Amino acid sequence: MLIEILERRLLFQPRPICDALPTDLGMDYDESWADTPDGRRLHCWFLPGDGRTDLTWLWFGGVGGNLSLRVGEFGAVRKYTGANIFGFDYGGFGHSQGKASVRSTAIDARSALVHLQHRYNIDPERILYLGVSLGAAVAIRLAAETSSPKGAALVAPFASLTDMARLVHPVLTLGGRLVGPKFHSMSYVSRIGCPLLILHGAEDTLVPPFQGRKLFDAAAEPKRFAEIPGADHLDIGDQPEFWDALCGWLEDLG
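We now turn to the structure provided with this report. (Residues numbered from 1 in each chain as written. Predicted model: local features only at pLDDT ≥ 70, side-chain atom pairs only at ≥ 80, totals over all residues. Heavy atoms only, no water.)

A short note on the pattern of salt bridges
Here is step 1 of the chain: The full count for this structure, using the stated rule, is 11 salt bridges.
Here is step 2 of the chain: Notably, a salt bridge pairs Asp 54 with Arg 52, separated by 2.9 Å at the nearest N-O pair.
Here is step 3 of the chain: Given a relative accessible area of 34%, Asp 54 falls into the partly exposed group.
Here is step 4 of the chain: Taking the relative accessible area as the measure of exposure, Arg 52 reaches 25% and is therefore partly exposed.
Here is step 5 of the chain: For Arg 126, the salt bridge identified is with Asp 54, shortest N-O distance 2.6 Å. Here Arg 126 is found in the loop between α3 (102–120) and β7 (127–132), whereas its partner Asp 54 is found in the loop between β3 (41–47) and β4 (56–60), with 72 residues between them in sequence.
Here is step 6 of the chain: For Arg 126, a relative accessible area of 24% gives the class partly exposed. (Salt bridge = Lys/Arg side-chain N within 4 Å of Asp/Glu carboxyl O. Buried < 20%, exposed > 50% of the residue type's maximum accessible area, 1.4 Å probe, protein only. Helix = DSSP H or I, 4+ residues; strand = E, 2+ residues; numbered from the N terminus.)

Thoughts on the sheet that holds strand β9 (residues 196–201)
Here is step 1 of the chain: Spatially, the 8 strands line up as an open sheet ordered β2-β3-β6-β4-β7-β8-β9-β10, and their pairing is mixed. Only two strands of the sheet have a single partner each, and these edge strands are β2 (30–35) and β10 (223–228). The mean angle between the axes of side-by-side strands here comes to 20°, regardless of whether they run parallel or antiparallel.
Here is step 2 of the chain: Bridge count for β2 against β3 is 6 bridges, and the pairing is antiparallel. By the bridge assignment, Ser 32 is partnered in β3 with Cys 44. (Pairing = 2+ DSSP bridges. Axes fitted to C-alpha atoms, helices over the stretch in contact; angles between N-to-C directions.)

Description of helix α2 (residues 71–81)
Here is step 1 of the chain: Those residues of α2 lying buried are Val 71, Phe 74, Gly 75, Val 77, Arg 78 and Thr 81. Along the long axis of α2, the arc covered by the buried residues comes to 165°, so they all point the same way.
Here is step 2 of the chain: Against β3, β4, β6 (84–88), β7 and α7 (240–253) lie the buried residues of α2.
Here is step 3 of the chain: Among the residues trailing α2, Gly 82 stands out with phi positive, at a value near 75°. (Arc of directions from axis to C-beta. Contact = heavy atoms within 4.5 Å.)

Regarding the packing of aromatic side chains
Here is step 1 of the chain: According to the stated counting rule, one finds 13 aromatic pairs in the structure shown.
Here is step 2 of the chain: Plain terms: the ring middles of Phe 12 and Phe 93 are 6.5 Å apart, the flat faces sit at 90° to each other, and that makes the pair edge-to-face. Of this pair, Phe 12 sits in the loop between α1 (2–11) and β1 (13–14) while Phe 93 is found in the loop between β6 and α3, placing the two residues 81 residues apart along the sequence.
Here is step 3 of the chain: A ring pair is formed by Phe 60 and Phe 88, whose centres lie 5.9 Å apart and whose planes are at 85°; its orientation type is edge-to-face. (Phe/Tyr/Trp six-rings, centres within 6.5 Å; stacked < 30°, edge-to-face > 60°.)

With respect to α3
Here is step 1 of the chain: Taking 1.5 Å of rise per residue, 19 residues should cover 27 Å, and α3 covers 27 Å from first to last C-alpha, within 8% of that figure.
Here is step 2 of the chain: Buried residues dominate α3, accounting for 14 of its 19 residues.
Here is step 3 of the chain: At the exit of α3 stands Asn 121, carrying a positive phi of roughly 50°. (Expected span 1.5 Å × (residues − 1).)

A few points about the side chain of Ser 104
Here is step 1 of the chain: One can find Ser 104 in helix α3.
Here is step 2 of the chain: At 3.3 Å, the side chain of Ser 104 forms a polar contact with the backbone oxygen of Lys 99.
Here is step 3 of the chain: Setting aside chain neighbours within four positions, we find Ser 104 in contact with Arg 40 and Lys 99. (Polar contact = N/O pair within 3.5 Å; in protein donor to acceptor, adjacent residues only side chain to side chain.)

Concerning unusual backbone geometry
Here is step 1 of the chain: The omega angle of the peptide bond from Glu 221 to Pro 222 is -5°, so this bond is cis rather than trans.
Here is step 2 of the chain: Structurally, the position occupied by Pro 222 is in the loop between α6 (209–218) and β10.
Here is step 3 of the chain: Residues other than glycine seldom take positive phi values, yet Asn 121 does so here, at roughly 50°.
Here is step 4 of the chain: Along the chain, the position of Asn 121 falls in the loop between α3 and β7.
Here is step 5 of the chain: Asn 121 gets classed as exposed once you look at its relative accessible area, which sits at 70%.

Structural notes on the nonpolar core
Here is step 1 of the chain: Residues Leu 58, Phe 60, Tyr 129 and Phe 183 are the most contacted members of the largest nonpolar core, which totals 48 residues.
Here is step 2 of the chain: Other than its neighbours up to four places away in sequence, Phe 60 contacts Phe 88, Tyr 90, Ala 109, Tyr 129, Leu 130, Gly 131, Val 132, Gly 135, Val 138, Ala 139 and Leu 142.
Here is step 3 of the chain: Leu 55, Val 71, Ile 236 and Leu 250 belong to the second largest nonpolar core, which has 30 residues in total. (Core = buried A, V, L, I, M, F, W, Y, C linked by side-chain atoms within 4.5 Å.)

The structure is reproduced here in structure tokens:
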């Protein structure tokens, strides 16, 4: 019980829902609900692209926020890549039912993928994963346990939750020993059978760049690492080098 409480308090920080919608930035969207095998409903948005509509980003959010607080991020990704975007909230985030945990995020990710394919008739070979921070761990596991996407882009990922516990809460987690093998991306990343891009801020003070490098070294080819100069954890998307790297990788995918 103590470990579960620590997990929820340290890992998952849902924010109050705001009223922002994609239409506030001139983007059309379709709202839908994905059903999970354990009887919950997940809030989802599908934003049609305006250029590469043959591709769809499946977005995996980080520790906080919800769909309404990511409208600006969705707008930036759509602006620079032109692809469709499908976002969903984990249980307990936004309007999604349940409470987030390491186990439930894996269930939620699978449910979201199935919903995306069935409701919007999206070819699995034209889906791209975009995982941000903790969301990168969710994306890595999904890619390793299911059919691989066309490509996976990971923003500021960590190698394992144990590593992060040692870095951020060494005393509270007894040097990471209380965490156990949760969100252990190192055990999954080598099983991803698709092109991989890791983007990491050179000045990231929350998830240091060596965490992304550690994952990169363990991953199979084809893979690419982009260290974004001057970027911290939360402002990496403000740097033009971030978009140069993401769009260049996307163009090479074809």
